[in-house]
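# Geometric and topological summary
What follows is the residue order along each chain.
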Amino acid sequence: MKTILSGLILLMGFSCLGQQTTNKDIETLFYAQLERENVHNAFLQVYSKSKGIDIQLADSDNDSEDTFSIDNPIYTASITKMLTATAIGILKDGKKLDFEDKIYRYLPEQLMKNLHVFEGKAYSKDITIAHLLQHTSGLPDYFTGTTVDGSPNVINQLLVDTSKSWSPQEMIEFAKEKMVPHFVPGQGYHYTDTEYVLLALIIENVSGTTLDQFFQQFIFEPLEMDASYINLKSAPIKNPLPMAKFYAGDIALSSIQSLSADWGGGGLVSTTQDLIQFLRAFQDDKIVKKETRLAMQHWVRETKGMEYGFGIRKVSFKNLFDTDTKLEIIGHTGSTASFLWYCPQLDTYIAGTFNQLEASRSTPQLVFEILTLIENK
């Protein structure tokens, strides 16, 4: 196994021996994940300014010919939703819209037509921006949802025509034609990328610029996220390193054009450093106002141990794992086994990926074990 960058540690207030032990234990956890079946490469950064921690790890399996470092960008998948939601928050702070606004005010009539018809009644004009942000609109998920005629959903079409370029309008029309809503707006919770395509379109229609340009002007440039961009739509501010490959099984999905179907809900490419820079700025109220951040962290139940706000998730390890701990994390994950979290109790940020669709369920356990090591050091 070739270690490209392993254990860059800044010691600021920790005892050297104690920090070295913690670093070694975290490395052990990292490599245990990398050695799992089907994981081809992995990235991990653990950062806490107050605790003097900055551990950066990046490596690939024995069979890989790829060489990269922690500075290579990664496909973040649904971590993108945090930035799309934040962009809505920025527009709110600029008095361009409000969370409780009905979405029909900002979207074309043709797109809104038959968007939400549930049990024979139309609810399209009842959907608010908040419903979209919090997955409470009831809309189906064009990406991974079930079609009414048994035809493949969009994620299952990615490899059928790898050269296809999906437009946002096509994604919405697919959901309208092939799927049905789950409930009346505001009467339940159902995670769906369809909502984040609509949110991205709202951002573009209200701002008069493209989603990727909005991200660059209001998020990437102010926060010096120089390696971040929207896949297939833009380029990073500075000359890029290649994006690390990500996989479904042994199939690399990283370079296919049909990934254009993953946009406002999952198209962000970034580095662990940029991601942590973003979440730090968000938590410190440097992107949106404090009142907006707090509104975005108004939680509804998602599943056991997990709650969802406006493009941001909270995990209670006590409830998730039925264990005696006060540790919680705020952030998001992605289907490629990507993750970005902040633990308020330890003032610690954790970002990374295992670039493997099959590995996504194991990341909460890894994050919990890392935080437990830091807590008990």
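Structural notes, computed from the coordinates. (Residues numbered from 1 in each chain as written. Predicted model: local features only at pLDDT ≥ 70, side-chain atom pairs only at ≥ 80, totals over all residues. Heavy atoms only, no water.)

### Considerations on the sheet that holds strand β7 (residues 229–230)
Strand pairing in a sheet takes place through backbone hydrogen bonds and is either antiparallel or parallel in direction. Taken in spatial order, the 3 strands line up as β4-β10-β7 in an open sheet, and their pairing is antiparallel. At either end of the open sheet lies a strand with only one pairing partner, and these are β4 (74–75) and β7. In the sheet, β4 pairs with strand β10 (residues 268–270) via 2 bridges, with the strands oriented antiparallel. For Y75, the partnering residue across the bridge sits in β10 and is V269. (Pairing = 2+ DSSP bridges. Helix = DSSP H or I, 4+ residues; strand = E, 2+ residues; numbered from the N terminus.)

### Focus: the layout of surface pockets
The calculated volume of the largest pocket comes to roughly 970 Å³. Lining the largest pocket are 39 residues, and of these Y191, R313, T333, S335 and S360 lie nearest its centre. Of all the secondary structure elements, the ones that give two or more residues to the lining of the largest pocket are β11 (300–303), β13 (313–316), α10 (317–321), β14 (328–334) and α11 (363–375). Here the residues of the lining of the largest pocket sort into 15 nonpolar, 16 polar and 8 charged. Volume-wise, the second largest pocket comes out at about 270 Å³. Taken together, 15 residues form the lining of the second largest pocket, with D71, D226, A227, T271 and D274 sitting closest to its centre. Within the lining of the second largest pocket, the residues separate by chemical class into 6 nonpolar, 4 polar and 5 charged. (1 Å grid on protein atoms, 1.4 Å probe; cavity = no way out; pocket = protein on both sides within 12 Å on 5 of 7 lines; lining within 4 Å. Points joined across faces, edges and corners; volume = space filled by probe spheres on them. Nonpolar A, V, L, I, M, F, W, Y, C, P; charged D, E, K, R; others polar.)

### Considering empty space enclosed by the protein
As enumerated under the stated definition, the model contains 1 cavity of 30 Å³ or more in all. Here the largest cavity is characterised by a volume of approximately 70 Å³. Contributing to the lining of the largest cavity are Y75, F143, I155, L158, F246, L253, L259, D262, S335, T336 and L357. Along the lines of polarity and charge, the residues of the lining of the largest cavity split into 8 nonpolar, 2 polar and 1 charged.

### Remarks on helix α2 (residues 80–93)
An α-helical turn contains 3.6 residues, so a residue and the one three or four places further along point in the same direction. When the terminal C-alpha atoms of α2 are compared, their 20 Å separation across 14 residues agrees well with the 20 Å that a helix rising 1.5 Å per residue should span. Most of α2 sits out of view: 14 of its 14 residues are buried. In the segment just after α2, K95 is the residue with positive phi, at about 60 degrees. (Expected span 1.5 Å × (residues − 1). Buried < 20%, exposed > 50% of the residue type's maximum accessible area, 1.4 Å probe, protein only.)

### Re the nonpolar core
Within the largest apolar cluster, 85 residues are counted, with the highest numbers of intra-cluster contacts made by I103 and F278. A per-element tally of this core places helix α6 (residues 193–207) first, with 8 residues. Listed in part, the 32 residues of the second largest apolar core include A42, M306, F339 and F368. (Core = buried A, V, L, I, M, F, W, Y, C linked by side-chain atoms within 4.5 Å.)

### A word on the packing of aromatic side chains
The final tally for this structure, using the stated rule, is 17 aromatic pairs. Pairing F317 with F321 gives two aromatic rings, centres 5.9 Å apart and planes at 10 degrees, and the pair type is stacked. Taken together, the residues span about one helical turn, with F317 and F321 both in helix α10 at a distance of 4 residues. Look at F321 and F368: their rings are 5.5 Å apart centre to centre, the planes differ by 45 degrees, and that puts the pair in the tilted class. (Phe/Tyr/Trp six-rings, centres within 6.5 Å; stacked < 30°, edge-to-face > 60°.)

Geometric values such as these leave the question of function open.
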